[in-house]
Amino acid sequence: MIEGSLVRLRPIEMADLDRYHAWINDAEVTRFLNMRYGVSRAAEEAWLAGRTAQPLSYANVGFAIDTKDGVHIGGIDFHHALPEDRAARLGITIGDRTYWSRGYGTDAMRTFVRFGFAEMNLNRIDLTVDERNARAIACYQRCGFVEEARLRQDRYSDGAYHDTLIMALLRDDWLAAQTAGQPPR
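1. Some remarks on the sheet that holds strand 3 (residues 61-67)
Pairing is mixed across the open sheet formed by eight strands, whose spatial order is 1-2-3-4-5-6-8-7. Since the sheet does not close on itself, it has two edges, and those belong to strand 1 (2-3) and strand 7 (146-157), each with one partner. Here strand 4 (residues 72-82) runs beside strand 5 (residues 87-94); their pairing, made up of seven bridges, is antiparallel. Bridge pairing in strand 5 links Gly-74 to Ile-94. Sitting on the sheet, helix 5 (residues 134-142) is in contact with strand 5, strand 6 (124-130) and strand 8 (160-170), with an inclination near 160 degrees to strand 6.

2. Overview of the layout of surface pockets
In this structure, the second largest pocket spans a volume of roughly 250 Å³. Forming the walls of the second largest pocket are 16 residues, and the residues nearest its centre are Thr-30, Leu-33, Met-35, Arg-36 and Arg-155. Per-element tally for the lining of the second largest pocket: the top contributor is strand 7, with three residues. Class assignment for the residues of the lining of the second largest pocket results in six nonpolar, five polar and five charged.

3. A word on the packing of aromatic side chains
Counted by the stated rule, this structure contains ten aromatic pairs. Each ring, one from Tyr-99 and one from Tyr-104, has its centre 5.0 Å from the other, and the planes form 90 degrees; the classification is edge-to-face. For Tyr-99, a relative accessible area of 14% corresponds to the buried category. For Tyr-104, a relative accessible area of 13% translates into the label buried.

Parameters and conventions
Residues numbered from 1 in each chain as written. Predicted model: local features only at pLDDT ≥ 70, side-chain atom pairs only at ≥ 80, totals over all residues. Heavy atoms only, no water. Pairing = 2+ DSSP bridges. Helix = DSSP H or I, 4+ residues; strand = E, 2+ residues; numbered from the N terminus. Contact = heavy atoms within 4.5 Å. Axes fitted to C-alpha atoms, helices over the stretch in contact; angles between N-to-C directions. 1 Å grid on protein atoms, 1.4 Å probe; cavity = no way out; pocket = protein on both sides within 12 Å on 5 of 7 lines; lining within 4 Å. Points joined across faces, edges and corners; volume = space filled by probe spheres on them. Nonpolar A, V, L, I, M, F, W, Y, C, P; charged D, E, K, R; others polar. Phe/Tyr/Trp six-rings, centres within 6.5 Å; stacked < 30°, edge-to-face > 60°. Buried < 20%, exposed > 50% of the residue type's maximum accessible area, 1.4 Å probe, protein only.

What follows is the structure in structure tokens.
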């Protein structure tokens, strides 16, 4: 397990299926994700079986997010991890809405970013975020991510087109923040 201040990151298990299935079908949870349609239990089980059947590796880095008292509240992963470039794209979902806006997402991000830079030797971590997701953007900025690009009208949702932001954090910037005595990230 990977320890943060508020969370533990642990391997995803098949026992997590019911929670993942509920979260992926919760319109409030998926509002800013690229999830337009509901997901059947069979489809979610197949996805989870594929994730859990593979050992954790550079190409398969994903964890469940648990609180320190063992409540499973979400998931976090790197996808599009490229060892040649030492770069990966981060994805996170806090599926249990009772844990929103309480610091768990920020702690999970900081913990996972630390793992990416210190253990995987990444040089760059980026992510995409819907421009309307102010809570997520504020979290990412607290963790050191900066906006690098804006994909204009990249997404259609709620009857209108919206921009997608690309935000990134570089290893040197993360190390500089650690040296400057800023909160652990």
